[in-house]
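Listed here are the chains, written in short residue letters.
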Amino acid sequence: MATTTLTKAEDRATVEHAARLSHVSKSFAGPTGQQLVLDDITLDVAPGEFVTLLGASGCGKSTLLNLVAGLDRPTSGSIETPGGRPALMFQEHALFPWLTAGKNIELALRLRGVPKQERRPEAERLLELVRLGGSFGKRVHELSGGMRQRVAMARALAQDSRLLLMDEPFAALDAITRDVLHDELTRIWRETNASVLFVTHNVREAVRLAQRVVLLSSRPGRIAREWSVDIEHPRRIEDTAVAELSVEITEQLRGEIRRHGQH
Amino acid sequence: MASTDTRTDDLAGLEAGLDALDAVQVRRTPVREILVGKVLPPLLAVVLVVVAWQLLVTAQVTEEYKLPPPSAVWDSAVDMWLQGTLLEVVWTSVSRGLLGFMMAVALGTPLGLLVARVKFVRSAIGPILSGLQSLPSVAWVAPAVIWLGLNDRMMYAVILLGAVPSIANGLVSGVDQVPPLVIRAGRTLGATGLRGTWHIVLPAALPGYLAGLKQGWAFSWRSLMAAEIIASSPDLGLGLGQLLENGRNNFDMPGIFLSILLILFVGIAIDLLIFSPLERWVLRSRGLLVRS
């Protein structure tokens, strides 16, 4: 009985982390033998927390997200995501072009096991959430880049996961659209109370969005430093506080990159 | 609080503006444009060929029993029509071809899926399947007659051997061309194994599969004609291939021309009526059809 109570107590709401990475390492077979990509990453994401992973090329950011998403296994260490399979958003929208915007979301709901009659209203609600109500029947190619990413966000939210993983989702967008989507993401994050693990190489983006910024070094990826960001929302990319912290983090990031030039 | 509300309204307005500016306009082609651009040129080409043909006959480049005038071919078509045999002959072949093609689809699709998704199967029979595509299906007529006899089953066997490799190969290349990101996106949504195949891989591979079906039909039709020309027997009923062979036996050149034209016409008609619209619809709905 005691154990049953224990597992019951480990209900999603009462778990103290949305993701727990303990001593995670990953290596791939490379041209010169095993290549270490991630080295001893230990990181907790609290429920409802917004964390950005920041790093230059070759820091294994995307590898790390793949591991957390369960698309790949770590070489050593362990990863827990108590809220179930995390949702994942990519740099490209990754929407299915043979389905309309709404049907893309309905498919995610269907794969989650939502009964048929509930799918349509739920998909409409999610489109409403990303301010695309009325775009249910639109084909993917009829949408602009920003709209596609919002549909992709709605589809990720359709998984109803407590953890949203984002792999540079706005990197391919123009600056104005990206800025708007930053606001949207902040709003949706606060409305849904989801935890977000957001990967980027854009320092200002990281500071503008996150409660906590984690800097990864490159080759192999290690956690170099962490900052907590105590700037009031709503934030703007031009805010002095955002700029100041960005300068500090950029300095550190440049230092990390410089090390690779010295042999 | 009031300031946050205004901000949210601002954002909604800003976003609506961006969406309106960035929205992709999809234009439908007007009917006139289709007529002038797509229908007129091939009609003109046909008229030119007939005119050239008639000129050759008028110039008497060869004896008339070798090159009959277009009017003679037309007359023999009208004759057949009046006897009521024209549609019957065409239908005999078309129904055989379509039924054989559907059997080929039923066999080729799971086979293609197996080759595309199972590594061992791919290395085992993938190359053979590609090789079979270049084997003329006429080659199968002789063994098919010996194994199965002069009957419809032999016809279907030849069609299957001609069309199944095309259909399977089309599906394989369709699956190979599915972007890995689409598969990954499907997996994060929980579409793995059979569910992934059904919801993600098959619909994503549809353009390549359709190309395979189109080729599969062409191969079905060709194989059937080969079988009908070579294997004639009163029990088989009169199809287009036999019509051609009868024309040869009776030294009836207009009849031979008519058969060839009918075979060509059926091939084009099926492609134009079934496969091209299907392919265009699939490509257009995915935004893959670029208008020049």
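Cut-offs and rules
- Counting restarts for each chain, with residues numbered from 1 along the sequence as it is written.
- Following the order in which they are written, the chains are lettered starting with A and the ligands numbered starting with 1.
- Local features in a predicted model are, by the rule used here, given only for residues with pLDDT of at least 70; side-chain atom pairs are given and counted only at 80 or more, and totals for whole chains, interfaces and linings are based on all residues.
- Calculation of side-chain values draws on the structure's entire complement of heavy atoms; hydrogens and water are dropped beforehand.
- UniProt positions are given in the numbering used here, feature names are shortened, and annotations may be inferred rather than shown by experiment.
- In plain words, nonpolar cores are sets of buried Ala, Val, Leu, Ile, Met, Phe, Trp, Tyr and Cys residues tied together by side-chain atoms within 4.5 Å.
- In this scheme, a residue with accessible area under 20% of its type's maximum is buried, one over 50% is exposed, and one in between is partly exposed, where area comes from a 1.4 Å probe on protein chains only.
- Helix and strand assignments follow DSSP, with helices taken as H or I runs no shorter than four residues and strands as E runs no shorter than two, numbered in order from the N terminus.
- Residues are treated as being in contact if the distance between any of their heavy atoms lies within 4.5 Å.
- The sign given to each residue is positive for Lys and Arg and negative for Asp and Glu; His and the chain ends receive no count.
- Salt bridge, as applied in this entry: a Lys or Arg side-chain nitrogen positioned within 4 Å of an Asp or Glu carboxyl oxygen.
- Once two parts are put together, the accessible area they lose, assessed with a 1.4 Å probe and summed over both, is termed the buried area.
- N or O atoms within 3.5 Å of each other form a polar contact, as long as, within protein, one can give a hydrogen and the other can take it, and as long as residues adjacent in sequence are counted only when both atoms are side-chain atoms.
- Note on residue classes: Ala, Val, Leu, Ile, Met, Phe, Trp, Tyr, Cys and Pro are nonpolar, Asp, Glu, Lys and Arg are charged, and everything else, Gly too, is polar.
- Multiplying 1.5 Å by the helix residue count minus one yields the expected span of that helix.
- Note: the arc covers the axis-to-C-beta directions of the helix.
- Being paired, for any two strands, means DSSP has found at least two bridges between them.
- Helix axes use the C-alpha atoms of the stretch in contact, all axes being lines fitted to C-alpha atoms, and the angles between their N-to-C directions lie in the range 0 to 180 degrees.
- Reported orientations rely on four angle classes, namely roughly parallel under 35 degrees, roughly antiparallel over 145, roughly perpendicular from 65 to 115, and oblique for the rest.
- Two helices that cross are described as forming a left-handed crossing if the nearer one is turned anticlockwise from the farther one by less than a right angle, and a right-handed crossing if clockwise.
- Within 6.5 Å between ring centres, the rings of Phe, Tyr and Trp (the latter by its six-membered ring) count as paired, and their orientation is classed by plane angle as stacked under 30 degrees, edge-to-face over 60, tilted in between.
- Criterion for a charge above a ring: Lys NZ or Arg CZ within 6 Å of the ring centre, and within 35 degrees of the ring normal.

Under the annotation held in an unreviewed UniProt entry, chain B carries the name NitT/TauT family transport system permease protein and is attributed to Streptomyces fulvorobeus. Its UniProt record gives chain B a comment under Subcellular location (unreviewed entry), which states: "Cell membrane". In its Sequence similarities (unreviewed entry) section, the UniProt record describing chain B reads: "Belongs to the binding-protein-dependent transport system permease family."

Named according to an unreviewed UniProt entry, chain A is ABC transporter ATP-binding protein originating from Streptomyces fulvorobeus.

Here we take up the nonpolar core. Among the nonpolar cores identified, the biggest contains 144 residues, and F96(A), L197(A), W221(B) and L240(B) are the most heavily contacted of them. Take this core: its biggest share by element is 13 residues, from helix α7 (residues 152-176) of chain B. Apart from residues no more than four positions distant in its own chain, W221(B) is found in contact with S93(B), V94(B), L240(B), I263(B), V266(B) and G267(B).

Once that is clear, we can look at the side chain of R286(B). Mapping R286(B) onto the fold places it in the segment after α11 (253-285). Buried and without a salt bridge, R286(B) has E279(B) as its closest oppositely charged side chain, separated by 11 Å. Aside from chain neighbours lying at most four places away, what touches R286(B) is P97(A), W98(A), H141(A), P203(B), A204(B), L206(B) and P207(B).

Let us look at the interface of chain A and chain B. Contacts between chain A and chain B engage 36 residues on the former and 31 residues on the latter. Carbon and sulfur atoms make up 63% of the area that chain A and chain B hide from each other, which totals about 3,200 Å². Between the two partners, chain A and chain B, sit 3 salt bridges. Among the salt bridges present, the one from D19(B) reaches R150(A), with a minimum N-O distance of 2.8 Å. At the junction of chain A and chain B, the tally comes to 10 residue pairs in polar contact (both at pLDDT 80 or more). Elements with a minimum of two residues in the side of chain A that touches chain B: α3 (101-112), α5 (145-158) and α6 (175-192) of chain A. Per-element accounting of the side of chain A that touches chain B gives the leading share, 7 residues, to α6(A). When the residues that make up the side of chain A that touches chain B are grouped by side-chain class, the tally is 18 nonpolar, 5 polar and 13 charged.

What follows concerns helix α4 (residues 116-129) of chain A. Since there are 3.6 residues in each turn of an α-helix, residues three or four apart along the chain are aligned in direction. Residue and element names in this part refer to chain A. In this model α4 runs 21 Å from its N-terminal to its C-terminal C-alpha over 14 residues, within 8% of the 20 Å that 1.5 Å per residue would give. Turning to α4, its buried residues are R119, A123, L126, L127 and L129. Projected onto a plane normal to the axis of α4, the buried residues spread over an arc of 145 degrees and lie on a single side. In α4, the exposed positions that point more than 90 degrees away from the buried face belong to Q117 and E128. One or two residues past the end of α4 sits R131, with phi positive at roughly 60 degrees.

Here we take up the sheet that holds strand β2 (residues 33-45) of chain A. The pairing of strands in a sheet comes from backbone hydrogen bonds and takes either a parallel or an antiparallel form. All names here are of chain A. Spatial strand order, β2-β1-β4: 3 strands in an open sheet with antiparallel pairing. The sheet is open, and its two borders are formed by β2 and β4 (76-80), each paired with just one other strand. Sheet twist, expressed as the average angle between the axes of neighbouring strands with direction ignored, equals 30 degrees. Looking at chain direction, strand β1 (residues 19-30) and β4 are connected through 4 bridges and run antiparallel. If you follow L21 over to β4, its bridge partner there is I79. Across the sheet, helix α2 (residues 61-69) is in contact with β1, β2 and β4; its angle to β1 comes to roughly 120 degrees.

With that out of the way, let us pick up the packing of helix α9 (residues 193-230) of chain B against helix α10 (residues 240-249) of chain B. Packed helices, taken two at a time, are described by the angle between their axes plus the distance between the axes. All names here are of chain B. Relative to each other, α9 and α10 sit at 45 degrees, their axes nearing to 7 Å. Taken together, α9 and α10 sit at an angle that is classed as oblique. As for the relative orientation of α9 and α10, their crossing is right-handed in sense. Across the interface between the two elements, W221, M225, E228 and I229 of α9 pack against L240, G241, Q242, L244 and E245 of α10. Of the residues in the contact of α9 with α10, the class split is 5 nonpolar, 2 polar and 2 charged.

Moving on: the UniProt feature "transmembrane region" (unreviewed entry) in chain B. All names here are of chain B. According to UniProt, the feature "transmembrane region" (unreviewed entry) maps to residues 35-56, 97-116, 128-148, 154-175, 196-213 and 256-276 in the numbering used here. Helix makes up 81% of residues 128-148 and strand 0%. Its end C-alpha atoms lie 24 Å apart. Counted over residues 196-213, helix gives 100% and strand 0%. Its end C-alpha atoms are 22 Å apart.

All names here are of chain A. Buried residues dominate strand β8 (residues 212-217), accounting for 6 of its 6 residues. Burial along β8 is two-sided: the face carrying R212, V214 and L216 and the face carrying V213, L215 and S217 are both buried. Across 4 bridges, the pairing between strand β3 (residues 50-54) and β8 is parallel. Counterpart to L53 in the pairing with β8 is V214. Of the pairings in the sheet, the one linking β8 to strand β9 (residues 222-228) comprises 6 bridges and is antiparallel in character. Residue pairing in the sheet places R212 in a bridge with S228 of β9. Here β8 hands over to β9 after 4 residues, with R219 in that stretch at a positive phi of 40 degrees.

Glancing now at helix α8 (residues 240-259) of chain A. The end-to-end C-alpha distance of α8(A), which contains 20 residues, comes to 29 Å, matching closely the 28 Å that a straight helix rising 1.5 Å per residue would cover. Of the surrounding elements, those touching the buried residues of α8(A) are β3, α7 (203-209), β8 and β9 of chain A.

With the rule as written, the count across this model stands at 9 aromatic pairs over all chains. Judged by centre distance (5.9 Å) and plane angle (45 degrees), the rings of Y65(B) and F251(B) are tilted. Of the two residues, Y65(B) sits in the loop between α2 (31-58) and α3 (70-83) while F251(B) sits in the loop between α10 and α11, which places them 186 residues apart along the sequence. Through a chain of ring-to-ring contacts, three or more aromatic side chains come together here, namely F50(A), F170(A), W189(A) and F198(A). The residue whose ring lies beneath R155(A) is F96(A), and the NZ or CZ to ring-centre distance is 4.6 Å.

Glancing now at the packing of helix α5 (residues 119-133) of chain B against α7(B). Residues and elements named next belong to chain B. With their axes 9 Å apart at the nearest point, α5 and α7 run at an angle of 125 degrees to one another. On the basis of their axis angle, the class for α5 and α7 is oblique. By crossing handedness, the relation of α5 to α7 is classed as left-handed. Contacts from R122, L129, S130, L132 and Q133 in α5 reach P165, S166, A168, N169, V172 and D176 in α7. By residue class, the composition of the contact of α5 with α7 is 5 nonpolar, 4 polar and 2 charged.

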